[in-house]
Amino acid sequence: MLFKKKLLTNSWVVGILALVCCLLWGSAFPCVKLGYRMFHVEAVDWAGQILFAGVRFAFAGVLVILIGSVASKTILFPRRGIQFRHIMKLSLFQTILQYFFFYIGLARTSGVKASIIEGTNVFVAILVAALCFRMEKVTRQKLWGCFLGFAGVVLVNASGTGMDWNMHWMGEGFIFLSTFAYAVSSVLLKRFSKEDSPLLLSGYQFLVGGLVMAAVGSLMGGKLSFAGAGIPEWWMLLYLALISAVAYSLWGILLKYNDVSRVAVYGFMNPVFGVLLSAWLLEERELLGVHSLIALALVCMGIFFVNRKELTGSIEEEGR
């Protein structure tokens, strides 16, 4: 146990595993849109998008449970009432709310813009941990980092290269709400993983959340075209499930042994990977203009400020 903790708190190990997570999550932006095309889910088809998300996450939950059961040589199953409550809370924020807003918002904005806005989850997670759960100190550096990150988000909506100052509630607005739900889920996972296995929590929260979303999407009239699905379509669905299963499980393990801010800071690579992969796979190269590049630079600078060595005390201490 001591060796495991020492290994998973090693800076190089944390960095490599966190970057693997970010690469997977960054690829989700273009791949979800490609999945919409493959399964004939239209941008205005809310029910179909929710059903698509539900199927993906339920599949991801099954994968995590199977992998975790094989790794631990015992069937992963919540056996205490508090574990069920933890799973339900995580399902609500990590899967149901986050991806309800994410899938609908992503269909109404570009993959590049969505990836940059999602990149602000680093700042939101730190603020939620500090202000709502008292798990982090709000320092001057962190406030400057949050300001720079927000400036990057504002800039990516500026005019030029297909951008404008208008923020569409059902597009960019929903992506923002998904980042807040994610931030809350990260802090909850950090708390709950002190008592329970991150794989147990990840697997069942995906399974429960995915089944709920699939049921809601189906009741709303959503349909997926599985009849004509070939090997490419099934491989895409499997890959999307693996993104969630692998990335979130690894992220949960890192959060179990490290501070929220130390792990969350690597989230700056989400928009970087998202922009590069969206521009390549979705042919959104025209959006890689000056505004997007400066916005990315601001987001990265913001993360640097958040994570740099403290030069001043916390705001609370300064006010005494």
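For every chain, the first residue of its written sequence is number 1, and the numbers climb from 1 along that sequence. The model is predicted, so local features are restricted to residues of pLDDT at least 70 and side-chain atom pairs to those at 80 or more, both for listing and for counting; the totals for chains, interfaces and linings are taken over all residues. Hydrogen atoms and water are omitted, and side-chain values are computed over all heavy atoms in the structure.

J.: Kindly report on the pattern of salt bridges, identifying the contributing residues and their values.
T.: Just to be clear on terms, a salt bridge is a Lys or Arg side-chain nitrogen sitting within 4 Å of an Asp or Glu carboxyl oxygen. This structure, assessed with the given rule, holds one salt bridge. Across the pair Arg-80 and Asp-196 runs a salt bridge, and its minimum N-O distance is 2.7 Å. With a gap of 116 residues between them, Arg-80 in the loop between helix H3 (46-72) and helix H4 (81-106) and Asp-196 in the loop between helix H8 (169-192) and helix H9 (198-219) connect regions that are remote in the sequence. Per-residue accessibility, obtained with a 1.4 Å probe over protein chains only, is compared with the maximum for each type, and a residue is labelled buried under 20%, exposed over 50%, and partly exposed between these values. On the basis of relative accessibility, which here comes to 38%, the residue Arg-80 falls in the partly exposed class. For Asp-196, a relative accessible area of 3% corresponds to the buried category. For helices the rule is a DSSP run of H or I covering at least 4 residues; for strands it is a run of E covering at least 2, with both sets numbered from the N terminus onward.

J.: Report on the nonpolar core, specifying residues and quantitative values.
T.: Phe-102, Tyr-103 and Trp-251 are the most contacted members of the largest nonpolar core, which has 72 residues in total. Contacts are residue-level and defined by heavy atoms, with any inter-residue pair within 4.5 Å sufficient. Among residues more than four places away in sequence, those in contact with Trp-251 are Ala-18, Cys-21, Cys-22, Trp-25, Tyr-182, Ser-186, Val-263, Ala-264 and Gly-267. Residues enter a nonpolar core if they are buried and are Ala, Val, Leu, Ile, Met, Phe, Trp, Tyr or Cys, with the set joined through side-chain atoms within 4.5 Å.

J.: How would you sum up the confidence of the model for the chain? Please name residues and give values.
T.: Known as pLDDT, the predictor's per-residue confidence is scaled from 0 to 100. For the chain, per-residue confidence averages 78 on the pLDDT scale, and 81% of positions sit at 70 or higher. Taken element by element, the chain is modelled with least confidence in helix H14 (residues 315-318), mean pLDDT 40, and with most confidence in H9, mean pLDDT 92. Low pLDDT, under 50, characterises residues 310-320; the stretch is placed with 17 contacts to residues that sit more than four places away or in other chains.

J.: Can you tell me about the environment of Asn-10, naming the residues and giving the values?
T.: Tracing the backbone through its elements, the reader meets Asn-10 in the loop between helix H1 (2-8) and helix H2 (11-38). In this structure, the C-alpha to C-alpha distance between Asn-10 and Asn-258, residues 248 residues apart in sequence, is 9.7 Å.

J.: With reference to specific residues and values, describe the environment of Arg-140.
T.: Position of Arg-140 relative to the elements: it lies in helix H7 (residues 140-156). Taking the C-alpha atoms as reference points, Arg-140 and Phe-305, separated by 165 residues in sequence, lie 9.0 Å from one another.

J.: Before we move on, could you go through the side chain of Ser-249 and cite the residues and values that matter?
T.: Mapped onto the elements, Ser-249 comes out in helix H10 (residues 231-257). Among the residues examined, Ser-249 registers a relative accessible area of 6% and is labelled buried. Residues in contact with Ser-249, not counting those within four places in the same chain, are Val-64, Leu-199, Ser-202 and Ser-244.

J.: Would you mind going over the packing of H2 against H4 in detail, with residue names and values included?
T.: Where H2 contacts H4, the two axes come as close as 10 Å, and the packing angle between them is 70°. Between H2 and H4, the angle falls in the class roughly perpendicular. Contact residues: H2 offers Phe-29, Val-32, Lys-33 and Tyr-36, while H4 offers Phe-102, Tyr-103 and Leu-106. Asp, Glu, Lys and Arg are counted as charged, while Ala, Val, Leu, Ile, Met, Phe, Trp, Tyr, Cys and Pro are counted as nonpolar; the rest, among them Gly, fall into the polar class. For the contact of H2 with H4, the class distribution of residues is six nonpolar, no polar and one charged. Axes here refer to lines fitted to C-alpha atoms; in helices the fit is confined to the stretch in contact. Angles between the N-to-C directions go from 0 to 180 degrees. When describing relative orientation, an angle under 35 degrees is termed roughly parallel and one over 145 degrees roughly antiparallel, while 65 to 115 degrees is termed roughly perpendicular and anything else oblique.

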